[in-house]
Amino acid sequence: MEIISREQEQSQIMERTKELAIETINLSKSFGKEKKIHAVDNLNLKVKKGEVFGFVGPNGAGKTTTMKMLIGLLEPTSGSGKVAKYDILHEIINIREETGVLPEPAGFYDYLTARQNLRFYAKLYDIDSNEREKRIENLLETVGLSRAIDQKIGGFSTGMRKRFGLAQALINEPTVLFLDEPTSGIDPLGAQMMRNLIKNLNKSKSVTVFLSSHSMEEVEEICDRIAIIAKGKLLAVGSVEDLRSVVREKEGVHYLLEVQDIIPSEAVEIVKDVDGVEEVEIQYPTLKVHSNFKNGAEIAKALAKTGGTISLLEEQELTLQKLFLKIIEEA
Ligand SMILES: Nc1ncnc2c1ncn2[C@@H]1O[C@H](COP(=O)(O)OP(=O)(O)OP(=O)(O)O)[C@@H](O)[C@H]1O
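The rules behind the values
- Residues numbered from 1 in each chain as written.
- Predicted model: local features only at pLDDT ≥ 70, side-chain atom pairs only at ≥ 80, totals over all residues.
- Near = placed C-beta within 6 Å.
- Helix = DSSP H or I, 4+ residues; strand = E, 2+ residues; numbered from the N terminus.
- Nonpolar A, V, L, I, M, F, W, Y, C, P; charged D, E, K, R; others polar.
- Buried ≥ 20, exposed ≤ 12 C-beta atoms within 10 Å, placed from the backbone.
- Pairing = 2+ DSSP bridges.
- Axes fitted to C-alpha atoms, helices over the stretch in contact; angles between N-to-C directions.
- Contact = placed C-beta atoms within 7 Å.
- UniProt positions renumbered as here; feature names shortened; annotations may be inferred.
- Core = buried A, V, L, I, M, F, W, Y, C linked by C-beta atoms within 7 Å.
- Domains from an automatic or database assignment.

A. Representation of the site of the ligand in the model. Taken together, Phe31, Ile37, Ala39, Gly57, Asn59, Gly60, Ala61, Gly62, Lys63, Thr64 and Thr65 make up the full set of residues near the ligand. Taken together, the elements giving at least two residues each to the shell around the ligand come down to β2 (37–48) and α2 (63–70). Tallying contributions element by element places α2 first for the shell around the ligand, with three residues. Class assignment for the residues of the shell around the ligand results in four nonpolar, six polar and one charged.

B. Spatial organisation of the pairing of strand β6 (residues 99–102). Burial along β6 is two-sided: Thr99 and Val101 and Gly100 and Leu102, pointing in opposite directions, are all buried. Bridge analysis of β6 against strand β7 (residues 176–180) gives four bridges, and the strand direction is parallel. When the bridges of β7 are listed, Val101 appears paired with Phe178.

C. Expanded view of the sheet that holds strand β14 (residues 309–315). Judged by pairing direction, the sheet is antiparallel, and its four strands sit side by side in the order β12-β13-β11-β14 without closing on themselves. Each edge of the sheet is formed by a strand with only one pairing partner; in this case those strands are β12 (277–283) and β14. Pairwise comparison of adjacent strand axes, ignoring direction, gives a mean angle of 20 degrees for this sheet. The pairing of strand β11 (residues 253–260) with strand β13 (residues 286–291) spans five bridges and is classified as antiparallel. Pairing of Leu257 across the sheet is with Leu287, part of β13. Helix α10 (residues 264–272) rests against β11, β12 and β13 of the sheet, and its axis sits at about 165 degrees to β12.

D. Region of the structure containing the sheet that holds β2. Read across the sheet, four strands follow the order β2-β1-β4-β5 without closing on themselves; strand pairing throughout is antiparallel. Only two strands of the sheet have a single partner each, and these edge strands are β2 and β5 (86–87). Pairing of strand β1 (residues 20–31) with β2, which is carried by eight bridges, proceeds in the antiparallel orientation. Bridging from a neighbouring strand, Phe31 pairs with Ile37 of β2.

E. Main features of the UniProt feature "domain: ABC transporter" (unreviewed entry) in the protein chain. In the numbering adopted here, UniProt assigns the feature "domain: ABC transporter" (unreviewed entry) to residues 22–256. The span residues 22–256 carries 38% helix and 28% strand; its end-to-end C-alpha distance comes to 41 Å.

F. Representation of the nonpolar core in the model. Of all hydrophobic cores here, the largest spans 63 residues; its most connected members are Val209 and Phe210. The element best represented in this core is β2, accounting for five residues. In terms of domain composition, this core takes at least three residues from each of domain 1 (6–238) and domain 2 (252–330). In this structure, Val209 is in contact with Val52, Phe53, Leu177, Leu179, Ile198 and Asn202, ignoring residues within four places of it in sequence.

Quick look at the structure:
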């Protein structure tokens, strides 16, 4: 029998009772006459309350289809799911009240002003008129559009439209926010502004954010955890560090090493003898070491023993972009 400490027991209980904002169980959607296009294929996801969750994958991976099922715009072929504890098959009205959505592309009434557009959506949610006007002004201020409040949406730039879309998604004060490619088509400055807004919303209002994006840089910057999907199937899920561990287990570790006080060819021989080291390459003044597992401490010890002084020993950490490509290629 496994013996666990009181602390472990407590943390296991905490883990079990931690509420989920989104959960899917074998969620599937197929299209076509004979249902041969498996857009989403037995997807199992758990998104914790209060996290920023990135949902990434190549074109046609099934991201939008998943989001549409979660917000009640598409009926699953099989499987089930919950959003803000409500069932995606039977409690769609509750889900609509608890969620905000920024779709891609987003459609607005271009001939109405920002204020008039938001008023329209606020009325759909039965927000009373006093509260409505206050909320509209606050939201447009939050997304940096106060000065454009009485301008028609038709004249907005792409960046302004995205920020307006975020304000619209927030009109009902949602606890879960779905953002489909929130920065696509906008310039780097506008994209950074949008990311900061998303981070602030998540921090200040504890909104759970479920976002899809093709920008790995963006996802790495703002997401707590990431799910990678391709051809409708979940390939990996976890923090960037968790994904690194997955790739590290398959591909090993790469170190950059610089040593003084011994000649490079001697250092190469010493490092090659360390357990787990596969390959050592000299790129003067650096040695590139490929190991089967993490063994930096052993490498350092072996060099120190023979009088080498290490000025650099650094694991080459893969960016999310590289991890994504490796995980997709492997699949
Ligand atoms: N209404 C539909 N009818 C038939 N096939 C569809 C329909 N909607 C989506 N698909 C197919 O389902 C698959 C998943 O599409 P989906 O739009 O969910 O992918 P995605 O990951 O959002 O892609 P992208 O990154 O390009 O937006 C694709 O093969 C797509 O062609």
